[in-house]
Amino acid sequence: MPLPLPVILWLSIALIAVSQVMILRSTVRAMRAAASEQARRGIEWAYAVVPVIVLVLVLVATWDASQAHTTRLELEAKASQTSAP
Amino acid sequence: MTAPAAALREPSLARDLIALTKPRIISLLLLTTLAPMFVAGSPSWATILWTGIGGYLMAGGANAVNMYLDRDIDHVMARTRLRPIPSGRMAARAVLAFGIAIATAATWLLGHFVNVLTAALALAGFYFYVFVYTRWLKRTTPQNIVLGGAAGAFPPLVGWAAVTGRVDLASIYLFLIIFYWTPPHFWALALLKQRDYGKAGVPMAPNIWGEHETIDQMLWYTLLLLALSILPVTFGVFGAFYLVSALVLGSILLRGVWIIRSLAAKGESWIPDAWKVYKYSLLYLALLFVAMAVDRHL
């Protein structure tokens, strides 16, 4: 049975988005509670945001690669149907 | 203890030099270097051998230089006070020279016997660990091991490049899996060693943010890791065997962190469960990488 690739893709992306938002919320909460100075907060915020930017870029590349993979699978399936006796 | 057994535990220069490389930690780094080689293709025995030796020496060199840079705090923490420098068995400069020497040897071995990209990536991992993590992040931010986790995530890139001569999306995923595995893994230990880190002045998340916020983030990082670990399936790198393995292994880790969170919320002791999560997280990473290699050859 073929794997439901689009379902896996979008479910994973949704979980990643929710998790990342919760991580950022928790970081902001922690920074406020730690009563750090403004400049320090800016640096801590940057540390938290850098991985998010990288992750977004990787997810865009994943979407592209996933589309290409799905198209390839469909073409292979069609080719095997037409070559069947 | 019998005389031969006692002799085996006697400190010696050879034993100290091996201890400087942190061989137990390196065994997991080596697994995450070698398993991706079998995901990337069918490496020759020579490539496996040279990548393994080069990887060990580079990581060992980074660990030795780390011990040199942390010599002022290692004697404070129970976990590190028996290391060769704080215990007085080795001079600090000798440790630094040893670390640089074996890292240099690793760069040459990888560049000469594997390829230049592999050597460059391994060296980048060395520099990241020594300068970005140890010198910059470790003592300045509670997010030290979040960004610093990238240092431990270089091995899959090294293994992948050794076989393919390039870095692509699949190898970046292997990097990210280790990157996002590091916070729940390391914070489980940091929760248990709060007093040690506090004495040494290292701003670990539990000491600065508190236990509740750290455990909360462990949970979200674990969920993110679980979702991220199954994404390579969507573009055909792995199949059903890996998908099921990643879901099962990740769910066990998630359950462990959830138990810590529930106990902490109820004000009950979570210490034994933090130990379990710390130990299981090591097994999780090892089994996940084994599952990757197995899946590619099914």
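Residues numbered from 1 in each chain as written. Chains lettered and ligands numbered in written order. Predicted model: local features only at pLDDT ≥ 70, side-chain atom pairs only at ≥ 80, totals over all residues.

1. Description of the overall build of chain B
What counts, and what does not: Elements are defined by DSSP. Helices are runs of H or I of four residues or more, strands are runs of E of two residues or more, and each kind is numbered from the N terminus. Note on method: radius of gyration uses C-alpha positions; expected globular size equals 2.2 Å times residues raised to 0.38. Buried, partly exposed and exposed are defined by the number of other C-beta atoms within 10 Å of a residue's own C-beta, namely 20 or more, between the two limits, and 12 or fewer respectively, with C-beta atoms placed from the backbone. We call two residues in contact if the C-beta atoms placed from their backbones are at most 7 Å apart.
When helices and strands are tallied, chain B shows 15 helices and zero strands. What you see for chain B is a C-alpha radius of gyration of 20 Å, in line with the 19 Å of a compact globule of 298 residues. Dimensions of chain B, computed from C-alpha atoms along their principal axes, come out at roughly 55 × 50 × 45 Å. Out of the 298 residues in chain B, the part that is buried amounts to 52%. In chain B, the proportion of contacts linking residues at least 24 apart, taken out of those at least 6 apart, comes to 73%.

2. Some words on unusual backbone geometry
Residues and elements named next belong to chain B. The backbone phi angle of lysine 22 is positive, close to 50 degrees, even though this residue is not glycine. Residue position: lysine 22 is located in the loop between α2 (13-20) and α3 (23-40). According to the C-beta neighbour criterion, lysine 22 is partly exposed, with 18 such atoms within 10 Å.

3. Regarding the interface of chain B and chain A
Rules: Three categories are distinguished: nonpolar for Ala, Val, Leu, Ile, Met, Phe, Trp, Tyr, Cys and Pro, charged for Asp, Glu, Lys and Arg, and polar for the others, with Gly belonging to the last.
Each partner contributes residues to the interface: chain B has 26 residues there, and chain A has 26 residues. Sorting the residues of the side of chain B that touches chain A by element identifies α8 (144-152), α10 (169-192), α13 (211-230) and α14 (240-265) of chain B as the ones contributing at least two each. The dominant element in the side of chain B that touches chain A, judged by the number of residues it contributes, is α13 of chain B, at ten residues. Here the residues of the side of chain B that touches chain A are counted per class, giving 19 nonpolar, five polar and two charged.

4. Some words on the environment of alanine 103 of chain B
Residue and element names in this part refer to chain B. In this structure, alanine 103 sits in helix α6 (residues 92-113). Between the C-alpha atom of alanine 103 and that of glycine 210, which follows or precedes it by 107 residues, the distance is 37 Å. Discounting residues that sit within four places of it in the chain, alanine 103 has contacts with Leu57, Met58, Gly61, Ala62 and Phe126.

5. Some remarks on the nonpolar core
The cut-off we apply is this: Any nonpolar core is a set of buried residues, restricted to Ala, Val, Leu, Ile, Met, Phe, Trp, Tyr and Cys, that join up through C-beta atoms within 7 Å. Start and end positions for the domains come from either an automated domain assignment or a database one.
Ala122, Ile177, Tyr180, Leu224 and Leu228 of chain B are the most contacted members of the largest nonpolar core, which has 108 residues in total. Element by element, the count of residues in this core is highest for α10 of chain B, at 16 residues. The residues that make up this core include at least three from each of domain 1 (10-167) and domain 2 (169-298) of chain B. Discounting residues that sit within four places of it in the chain, leucine 224 of chain B has contacts with Ile16, Ser19 and Gln20 of chain A together with Tyr180 of chain B.

6. Some details on the confidence of the model for chain B
Residue and element names in this part refer to chain B. Formally: Per-residue confidence from the predictor is reported as pLDDT, which spans 0 to 100.
When pLDDT is averaged across chain B, the result is 94; 97% of the residues are at 70 or more. The element-level mean pLDDT for chain B is lowest in helix α1 (residues 3-9), coming to 51, with helix α9 (residues 154-164) highest at 98. The complex prediction reports pTM at 0.93, with the ipTM value standing at 0.91.

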